[in-house]
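# A closer look at the structure
So you can see what is in the structure, the chains are spelled out below.
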Amino acid sequence: MTKLYVVLPCYNEEEVLPETTKRLSTKMNELIARQIIREDSKIVYVDDGSKDKTWSLIERQNQENPLVQGVKLTRNKGHQNALLAGLMTVRDCCDATISMDADLQDDVQVIETMVAEYEKGNEIVYGVRSSRDTDTVFKKSTALGFYKLMKFLGADTVFNHADCRLMSGLALNRLAEFKEVNLFLRGIVPMIGYKSSIAYYDRSERFAGESKYPLKKMIAFAWQGVTSLSAKPIKMITITGILLSLLGFIALIVFLILYSSSAVGMLWPILCAISLACGLQLTAIGVIGEYVGKSYIEIKGRPRFFVETYLE
Ligand code: UDP
Ligand code: MG
C-alpha cells in the first residue's frame, strides 16, 4: 500500500478550495477503504502567498479534516516554486506524491491510475490530458505547434503534460539535486530518468475563480522553459551569422565575376559588404554566446548522472 501525499499549490483559490477538498477527500477515502493507499495519506495545500482567505481556509480544513495539511510560503513565488516547496517539504514523509492544480482542472480520478502505475514499479508517472475539448479553439490549435517550437528551441517536454504527475520519494530525492533557480519542472523531471509511464486523464475547465496564468504569463513561462533548459537559441545566432556571411561571400564572388564581363550596379557590392559584415558580427556574438551558454549550464551544476543499480 502506498503512503500518498497529494500536493496542490494555491494562489488566491478561496473560491475553489472547499470543493477541491471535498472531491479529493472523497476520492482518497475511497482509495483508503479499498486499501489502495494508506490511511495516513494526505492532501497538502501550498499557499503561495495568497492575498485572499486561502490560508485561513487551509488552517480550518486542517483542524476539521485529518487528511488536510498546509504549507505556507512567506510570499508569492509562482506556481513552480510553490510546487517544489510542497514536494521538498513532504518528500521524506511519504512513498509518493502527486502534484495537481487546486482549481480542479485535473480530474481527481487520475490519482487511482497513477498509483496503479506506481505500484507497477514506475518512479514517475506523467499525467497527460487525453482530450482538449474544454480548451478554447485558440489553446487547442496552438498547443501542438507550440510544443514543437519549444522542442526545437531546446525545451523537450512530454506532449500535453503540465505539472500533474506522480513522483516517488526516490525520484523526489533526485529532483532535490537540481539546484537551479529558474525552474521549469516539466523539463527537468524527464532528465531524472528511471522507469516511468503515462496516465491519461480528462482536463476540465477551472471549477471557479480566474486563471492565474493569462496569455502574457504563459508566454513568459514558455520562454522561461526555453532559456532555463538549453542554450539552443544562442546556437541559432551563430548559424544565422554563418549563413549570412556565406551569402555575402557568394554574392561578392558573383559580383567580381560579373564585374569583369559586364557593368553591374554599385548597389551590389554595398549589399555584399553589409551582409558580410553583419554575418561576421553575428557569428562572433554567437561564438561568445556559446561560451556564455556553456557557463550558464555549468553554473546550474546539474547532476551528470544517477546510478540506478550497482551489482556487486
Ligand atoms: N498558482 C500558484 N502561484 C501563482 C499562480 C498560480 O500557486 O503565482 C497555482 C494556482 O492556484 C493553481 C495552479 O497554480 O492551483 C495553476 O494555476 P491556474 O489554474 O491559474 O493556471 P491555468 O490552469 O489557467 O494555466
Ligand atoms: Mg488552472
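For the structure, see preceding data.
Residues numbered from 1 in each chain as written. Chains lettered and ligands numbered in written order. Predicted model: local features only at pLDDT ≥ 70, side-chain atom pairs only at ≥ 80, totals over all residues. Heavy atoms only, no water.

On to the nonpolar core. The biggest cluster of nonpolar side chains holds 33 residues, and the ones touching the most others in it are Val7, Met167, Leu175 and Ile192. Breaking this core down by element, the ones donating at least two residues are β1 (4-10), β2 (42-47), α3 (79-90), β5 (124-129), α6 (169-175), α7 (185-192) and α8 (215-229). In terms of residue count, α3 provides more of this core than any other element does, 5 residues in total. Ignoring anything within four residues of it in the chain, the contact list for Ile192 reads Ile124, Met167, Ala171, Arg174, Leu175, Phe178 and Phe306. (Core = buried A, V, L, I, M, F, W, Y, C linked by side-chain atoms within 4.5 Å. Buried < 20%, exposed > 50% of the residue type's maximum accessible area, 1.4 Å probe, protein only. Helix = DSSP H or I, 4+ residues; strand = E, 2+ residues; numbered from the N terminus. Contact = heavy atoms within 4.5 Å.)

Along the polypeptide, Asp106 turns up in the loop between β4 (96-99) and α4 (110-119). A polar contact is formed between the side chain of Asp106 and the backbone nitrogen of Asp101, at a distance of 3.0 Å. Within polar-contact distance, the side chain of Asp106 engages the side chain of Tyr201 at 3.2 Å. The residues contacting Asp106, other than those within four sequence positions of it, are Met100, Asp101, Cys164, Tyr201 and Arg203. (Polar contact = N/O pair within 3.5 Å; in protein donor to acceptor, adjacent residues only side chain to side chain.)

Spatially, β3-β2-β1-β4-β6-β5-β7 is the arrangement adopted by the 7 strands of the open sheet, whose pairing is mixed. The two strands at the open ends of the sheet, each matched to only one other strand, are β3 (68-72) and β7 (196-201). The sheet shows a mean angle of 25 degrees between the axes of neighbouring strands, taken without regard to direction. Pairing of β5 with strand β6 (residues 161-168) involves 4 bridges; the strand directions are antiparallel. Looking at the pairing, Val128 lines up with His161 of β6. Taken strand by strand, α3 contacts β1, β2, β3, β4 and β6, and its axis lies near 150 degrees from that of β1. Of the strands in this sheet, β5 and β6 touch α7, which is tilted by about 40 degrees from β6. (Pairing = 2+ DSSP bridges. Axes fitted to C-alpha atoms, helices over the stretch in contact; angles between N-to-C directions.)

In the neighbourhood of ligand 1, 17 residues make up the surrounding shell, with Glu13, Asp48, Asp103, Ser211 and Lys212 lying closest. In the model, an oxygen atom of ligand 1 is placed 2.8 Å from a nitrogen or oxygen of the Arg206 side chain. (Near = heavy atom within 4 Å.)

As defined by bridge partners, β2 adjoins β3 across 5 bridges and the pair is classed as parallel. Across the sheet, Val46 pairs through a bridge with Val71, a residue of β3.

Our focus in this paragraph is the coordination of the magnesium ion (ligand 2). Every protein donor of the magnesium ion (ligand 2) is listed here as Asp103 (OD) and Gln105 (OE1), and their distances to the metal cover 1.9 Å. For Asp103, a relative accessible area of 4% gives the class buried. (Donors = N, O, S within 2.8 Å, 3.2 Å for Na, K, Ca; no water.)

Quick look at the packing of helix α9 (residues 232-261) against helix α10 (residues 267-300) now. α10 packs onto α9 with a crossing angle of 155 degrees between their chain directions and a minimal axis gap of 7 Å. With respect to α10, the axis of α9 lies roughly antiparallel. Read as a crossing pair, α9 and α10 show a hand that is left-handed. A breakdown of the residues in the contact of α9 with α10 according to their chemical character gives 19 nonpolar, 11 polar and 2 charged. (Parallel < 35°, antiparallel > 145°, perpendicular 65-115°, else oblique. Left-handed = near helix turned anticlockwise from the far one by under 90°. Nonpolar A, V, L, I, M, F, W, Y, C, P; charged D, E, K, R; others polar.)

Looking now at the environment of Gly187. Relative to the elements of secondary structure, Gly187 occurs in helix α7. Here Gly187 falls in the buried class, since its relative accessible area comes to 4%. When the C-alpha atoms of Gly187 and Thr142 are compared, they prove to be 19 Å apart, with 45 residues separating the residues in sequence. In contact with Gly187, other than residues within four places in its own chain, are Asp156, Thr157 and Leu229.

Time to look at the packing of aromatic side chains. Scanning the entire structure with this criterion turns up 5 aromatic pairs. The rings of Phe184, Tyr213 and Phe221 are connected pair by pair, giving a single aromatic cluster. A cation over an aromatic ring shows up here: Lys232 above the ring of Phe152, its NZ or CZ 5.1 Å from the ring centre. (Phe/Tyr/Trp six-rings, centres within 6.5 Å; stacked < 30°, edge-to-face > 60°. Lys NZ or Arg CZ within 6 Å of the ring centre and 35° of its normal.)

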